[in-house]
Amino acid sequence: MASIASVTLEVADPTAAEHFYATAFGLGPELRVRASEQPTTGFRGFTLSLTVSQPSTVDGLIDSALEAGASTVKPATKSLWGYGGVVRAPDGALWKIATSAKKDKGPATRQIDRLVLLLGAEDVLASKRFYVDHGLKVGKSFGRKYVEFDTPSSPVTLALYGRRALAKDAGVPPDGTGSHRIALDSDSGPFTDPDGFEWEKASH
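What counts as what
Residues numbered from 1 in each chain as written. Predicted model: local features only at pLDDT ≥ 70, side-chain atom pairs only at ≥ 80, totals over all residues. Heavy atoms only, no water. Helix = DSSP H or I, 4+ residues; strand = E, 2+ residues; numbered from the N terminus. Rg over C-alpha atoms; globule rule 2.2 N^0.38 Å. Buried < 20%, exposed > 50% of the residue type's maximum accessible area, 1.4 Å probe, protein only. Contact = heavy atoms within 4.5 Å. Areas by Shrake-Rupley, 256 points an atom, 1.4 Å probe, with all protein chains shown as cover. Lys, Arg positive; Asp, Glu negative; His and termini not counted. Charge placed at Lys NZ, Arg CZ, Asp CG, Glu CD. Phe/Tyr/Trp six-rings, centres within 6.5 Å; stacked < 30°, edge-to-face > 60°. 1 Å grid on protein atoms, 1.4 Å probe; cavity = no way out; pocket = protein on both sides within 12 Å on 5 of 7 lines; lining within 4 Å. Points joined across faces, edges and corners; volume = space filled by probe spheres on them. Nonpolar A, V, L, I, M, F, W, Y, C, P; charged D, E, K, R; others polar. Pairing = 2+ DSSP bridges. Axes fitted to C-alpha atoms, helices over the stretch in contact; angles between N-to-C directions. Right-handed = clockwise from strand over helix to strand, strands pointing away.

### Topic: the overall build of the chain
In terms of helices and strands, the chain carries 4 helices and 15 strands. In terms of overall size, the chain behaves like a compact globule, its C-alpha atoms giving a radius of gyration of 16 Å where 204 residues would be expected to give roughly 17 Å. The proportion of buried residues among the 204 residues of the chain is 49%. At a minimum sequence separation of 6, the contacts of the chain that also span at least 24 residues come to 65%. Total accessible area on the chain is roughly 9,800 Å²; 53% of this is exposed by carbon and sulfur atoms. Considering the chain, the positive charge centre built from 23 side chains and the negative charge centre built from 24 side chains are found 9 Å apart.

What follows is the structure, given as structure tokens:
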């Protein structure tokens, strides 16, 4: 079964980006960075999401991201599904930090339960078929709207969302051109999906 070893972000300043992600979120080898000057404008077609256990953890991670140089895209608020907010990292990547819990059940921590990569798909069903053909198993599926793949051994969870819906959820306009500036590192690569997201052979 396909698994995702890590996600690589292409950034203008790898040293600064590594420092930001270590300081803001405490992320390790599941997130990599490398230098790239590929042109890109507007929405890059994906978001990264940190799922945590309670609202105080959301607030703590957002605060540390802002202190490390991120900017607010959507302030943390309560919603029907829980509590969360969106920040833009200095390299331009959009990060959603969220919990399904409405109230704290214990002291604040910096524990991250899941790192989820959401890819914006022009046709969710077509991309779903593509990934199934490449060895991924569907965990959750909501018609043409949302697909989450079952990769229990992966440090990164992969999900598909309609591109416009994903941009709306992140709080940004859906328009964008140029490179996604992201690569998925997996034993299943190399290949490129229908929306131009690149999978590379994971280097161990």
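Anyway, onward from the coordinates.
### Details of the packing of aromatic side chains
Counted by the stated rule, this structure contains 13 aromatic pairs. Between Tyr21 and Trp95, the ring centres sit 5.3 Å apart and the planes meet at 45 degrees, which makes this aromatic pair tilted. In this pair, Tyr21 sits in helix α1 (residues 14–24) while Trp95 sits in strand β7 (residues 94–99), placing the two residues 74 residues apart along the sequence. Residue Tyr21 is classed as buried on the basis of its relative accessible area of 2%. Between Phe130 and Tyr131, the aromatic rings sit 5.4 Å apart at their centres with planes inclined by 85 degrees, giving edge-to-face as the arrangement. Each of the two residues, Phe130 as well as Tyr131, counts as buried. Aromatic ring contacts, followed pair by pair, group Phe130, Tyr131, Phe149, Phe191 and Trp199 into a single cluster.

### Here we look at unusual backbone geometry
Non-glycine residue Arg181 carries a positive phi angle of around 60 degrees. One can find Arg181 in the loop between β12 (176–178) and β13 (182–186).

### What to know about empty space enclosed by the protein
Applying the stated criterion across every chain yields a total of 1 cavity of 30 Å³ or more. Here the largest cavity is characterised by a volume of approximately 50 Å³. Within the lining of the largest cavity, the residues separate by chemical class into 4 nonpolar, 2 polar and 2 charged.

### Thoughts on the sheet that holds strand β10 (residues 146–149)
Judged by pairing direction, the sheet is mixed, and its 8 strands sit side by side in the order β5-β6-β7-β4-β8-β11-β10-β9 without closing on themselves. A strand with exactly one partner marks an edge of an open sheet, and here the two such strands are β5 (71–78) and β9 (138–142). Neighbour to neighbour, the strand axes of the sheet diverge by 15 degrees on average, direction disregarded. As judged from the 7 bridges shared by strand β8 (residues 114–121) and strand β11 (residues 156–162), these two strands associate in the parallel manner. Directly across from Val116, in β11, lies its bridge partner Thr157.

### Structural notes on the sheet that holds strand β14 (residues 191–192)
On the basis of which strands lie adjacent, the open sheet formed by 5 strands has the order β2-β1-β13-β15-β14 and mixed pairing. Every other strand in the sheet has two partners, leaving β2 (31–35) and β14 as the edge strands with one partner each. Relative to β2, strand β1 (residues 4–11) is paired through 5 bridges, and the arrangement is parallel. Directly across from Leu9, in β2, lies its bridge partner Val33.

### Some thoughts on the environment of Arg114
With respect to the secondary-structure elements, Arg114 resides in strand β8. Separated by 63 residues in the primary sequence, Arg114 and Thr51 have C-alpha atoms spaced 5.1 Å apart. The contact partners of Arg114, leaving out residues within four places of it in the chain, are Ser49, Leu50, Thr51, Glu148 and Thr157.

### Describing the side chain of Glu10
Take Glu10: it is sitting in strand β1. Apart from the residues within four sequence positions on either side, Glu10 is in contact with Arg34, Ser36, Gln38, Arg44, Ser179 and Arg181.

### Quick notes on the pairing of β1
Within β1, 7 of the 8 residues are buried, which leaves it mostly tucked inside the rest of the structure. For the crossover from β1 across α1 to β2, the handedness is right-handed.

Remember, this is a structural readout, not a statement about activity or role.
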